[in-house]
Amino acid sequence: MAGKQYDLIVIGAGPAGYVAALRAAQLGLSTACIDRWRDPAGKPAPGGTCLNVGCIPSKALLESSELYEHAAEKLKHHGVNCRSVDLDLKAMMTRKEQVVSTLTQGVAGLFKASGVDWLQGNGRLLAGHEVEFTPHDGKPQTLAAKHVILAPGSVPVEVGFAPFDGEHVVDSSGALAFDAVPKRLGIIGAGVIGLELGSVWRRLGAKVVLLEAQENFLAMADAQVARDALKVFTQQGLDIRLGARVTETKVHDGTVKVGYQDASGKHSVSFDRLVVAVGRVPATDGLIADEVEMVRDERGAIHVDEFCQTSVPGVYAIGDAVRGPMLAHKGSEEGIMVAERIAGHAATLDYELIPNVVYTLPEIAWVGRTEEQLKAAGTPYRSGVFPFAASGRARAMEATTGMVKILAHAETDRILGMHVIGAHASELIAEGVVAMNFGASSEDIALTTFAHPTLSEAVREAALDVLGRPLHIARRRR
Ligand code: FAD
Ligand code: NAD
């Protein structure tokens, strides 16, 4: 017999689940959100991977390590001489932990203020919209709801040839909490985590080698941007080895020996620490009782339709546990859509307009189609590019690396994609997202006044370049 009845129970309080719960409460639904995350001190900490061991702590360390590298090497270009710059890694980690706990406890506060019942412990979907809730150190109880949202998130992939030992071979969470800067750091996978965390430890003094199985670097980005990025990261000192298939790892006497194969043959390289960053898989083990007939794929991802409805009526799944990019904002938007649909609204989500960002320096950001996708689809397009080297503000900031690229339909001029590599690309991309959300053309951007001097002017110049009339770079008239 079920205990308390809710309109909605959400399992998982990551950016997908907690946002869904907050929006549902705003819409007047009686809502509970079950989450089992506890911080290293054992305190319940909502916010999931993103707040605890993902987006937030990685960005905290990216910021700190960037400041360190600036102080140690770049400030002198500005005429600022620092006599000595020392690294206090412990203080850097403490600040990161404070940022995380401020935000996780902020989510707890939001739950309280909006009337969401935050249930701390494990959740499991039973048949008939019932949920088994097992509090930390408590007995299981059964709750019932009219609707259930599953938002369990994902966990790092562990590969047989490099098992995690928590010390020398670690996942991204381990790499966010090293107690010393490794002299030699190996990373399997030059994807988003490899590049962001590789950048953090390189800036702090590690010699970083990334072993990437694919021949193509950053295959999901626009090829022109990926080419530029590879050049810059290599110049910065990241040793990125493409087409490198790791075959074995051995830990001996504090050293990790990694064997890999590439087009030129077999190789061996030794590290003090090895990070395995080869992707994540949905965390759906133990989430769904056997009696529930829920369709999942071979990776455990829950099958959903465009509205995140699962194969069980009234049960939805969102975030990293379902198809689509594993991004915090994608999960949050799905959570909002589902909460609104449950409340009777006709909400939808345009998956084409979800931006991607890699928070390296330069940052890389994009939305919409790449040039390669447009070519493959046979879509007629025009491309406009503006390099930051020609931007007054970028010059003043000493941030001339990179460019803005806009792709627009050759006949309608509607913007189909925007790609940025450069300082603050993560912020600039929002201009492309807003423009595309309103179905804007490159001419619409060209007709807009941008403040001078700003990096945003590069967006307008790229739009002008699509039209064949950029003002601050010399181009032959089209
Ligand atoms: P999660 O955040 O994983 O949350 C799921 C929650 O559900 C967890 O708290 C988990 O404990 C809980 N849970 C699972 N099963 C149960 C259960 N049965 N009972 C109770 N609770 C349960 N994305 C970005 O968009 N931008 C970034 O900058 C970014 N940086 C990242 C950096 C790193 C190092 C990593 C690892 C990831 C990063 N991501 C980033 C990805 C982002 O963290 C995820 O896409 C996002 O957290 C997914 O949200 P979610 O709510 O689906 O799942
Ligand atoms: P990823 O998919 O971005 O990169 C994994 C990389 O590992 C790929 O390039 C892949 O080719 C490579 N790889 C796979 N198997 C390999 C092997 N055996 N040997 C060598 N290379 C191998 O995954 P990730 O970097 O682990 O990140 C996981 C998820 O977290 C991603 O989906 C990402 O979207 C998300 N994330 C996002 C951000 C962000 O938005 N800034 C930051 C970090 C993580």
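For the structure itself, consult the block above.
Computed from a prediction, not measured in an experiment: that's the story for all the values here. (Residues numbered from 1 in each chain as written. Chains lettered and ligands numbered in written order. Predicted model: local features only at pLDDT ≥ 70, side-chain atom pairs only at ≥ 80, totals over all residues. Heavy atoms only, no water.)

The next thing to look at is unusual backbone geometry. In the segment running from L361 into P362, the intervening peptide bond is cis, with an omega of 0°. Residue placement: P362 occurs in the loop between β17 (356-358) and β18 (363-368). The omega torsion across H452 and P453 is -5°, close enough to zero to call that bond cis. Despite not being glycine, C308 shows a phi value in the positive range, around 70°. Examined against the element boundaries, C308 turns out to sit in the loop between β15 (280-282) and β16 (315-317). A positive phi is found at H424, a non-glycine position, where the angle reads about 60°. On the secondary structure map, H424 appears in the loop between β21 (415-422) and α11 (425-437). (Helix = DSSP H or I, 4+ residues; strand = E, 2+ residues; numbered from the N terminus.)

All right, on to helix α6 (residues 192-203) then. Because an α-helix completes one turn every 3.6 residues, residues spaced three or four positions apart along the sequence face the same direction. In this model α6 runs 17 Å from its N-terminal to its C-terminal C-alpha over 12 residues, within 8% of the 16 Å that 1.5 Å per residue would give. Extensive coverage of α6 is indicated by the burial of 10 of its 12 residues. What α6 keeps buried is the set G194, L195, E196, L197, G198, S199, V200, W201, R202 and R203. The positive-phi residue at the C-terminal boundary of α6 is G205, with phi of around 120°. (Expected span 1.5 Å × (residues − 1). Buried < 20%, exposed > 50% of the residue type's maximum accessible area, 1.4 Å probe, protein only.)

Moving on to the sheet that holds strand β10 (residues 239-241). Strand order in the open sheet formed by five strands is β7-β14-β8-β9-β10, and the pairing between neighbours is parallel. Strands at the two margins of the open sheet, each flanked by one partner only, are β7 (169-170) and β10. Alignment of β7 against strand β14 (residues 273-276), held across two bridges, turns out to be parallel. Counterpart to V169 in the pairing with β14 is L274. Each of β8 (184-188), β9 (207-211) and β10 touches α6; the most contacted strand, β9, lies at about 165° to it. (Pairing = 2+ DSSP bridges. Contact = heavy atoms within 4.5 Å. Axes fitted to C-alpha atoms, helices over the stretch in contact; angles between N-to-C directions.)

As a further point, take the site of ligand 2. In the vicinity of ligand 2 there are 20 residues, among which I193, E196, E212, G279 and V357 approach most closely. Between V192 and ligand 2, the recorded distance is 3.2 Å, taken from a backbone N or O atom to an oxygen atom. One nitrogen or oxygen atom from the main chain of M326 is found 3.2 Å from an oxygen atom belonging to ligand 2. Protein contacts shield 76% of the accessible area of ligand 2, which totals 840 Å² for the unbound molecule. (Near = heavy atom within 4 Å. Polar contact = N/O pair within 3.5 Å; in protein donor to acceptor, adjacent residues only side chain to side chain. Areas by Shrake-Rupley, 256 points an atom, 1.4 Å probe, with all protein chains shown as cover.)

Moving on, we get to the pairing of strand β13 (residues 265-271). Bridge count between strand β12 (residues 255-262) and β13: seven bridges; the pairing is antiparallel. Paired with V256 across the bridge in β13 is F271. The turn joining β12 and β13, which pair antiparallel and follow one another in sequence, is formed by two residues.

Take the sheet that holds strand β11 (residues 245-252) next. In spatial order, the strands read β11-β12-β13; together these three strands make up an open sheet with antiparallel pairing. The open sheet terminates on both sides in strands that have one partner only, identified here as β11 and β13. Sheet twist, expressed as the mean angle between neighbouring strand axes with direction ignored, is 20°. Where β11 meets β12, seven bridges bridge the pair, whose relative direction is antiparallel.

Around ligand 1, 36 residues are found, and the nearest of them are D35, T49, K59, G123 and D320. Taking D320, its side chain carries an N or O atom lying 2.8 Å from an oxygen atom of ligand 1. At a separation of 3.2 Å, an oxygen atom of ligand 1 approaches a polar backbone atom of M326. If you list the elements that add at least two residues to the shell around ligand 1, you get α1 (15-26), β2 (31-35), α2 (48-53), α3 (55-74), β3 (117-125) and α8 (328-342). It is α2 that contributes the most residues to the shell around ligand 1, four residues altogether. Tallied by class, the residues present in the shell around ligand 1 amount to 17 nonpolar, 14 polar and five charged. (Nonpolar A, V, L, I, M, F, W, Y, C, P; charged D, E, K, R; others polar.)

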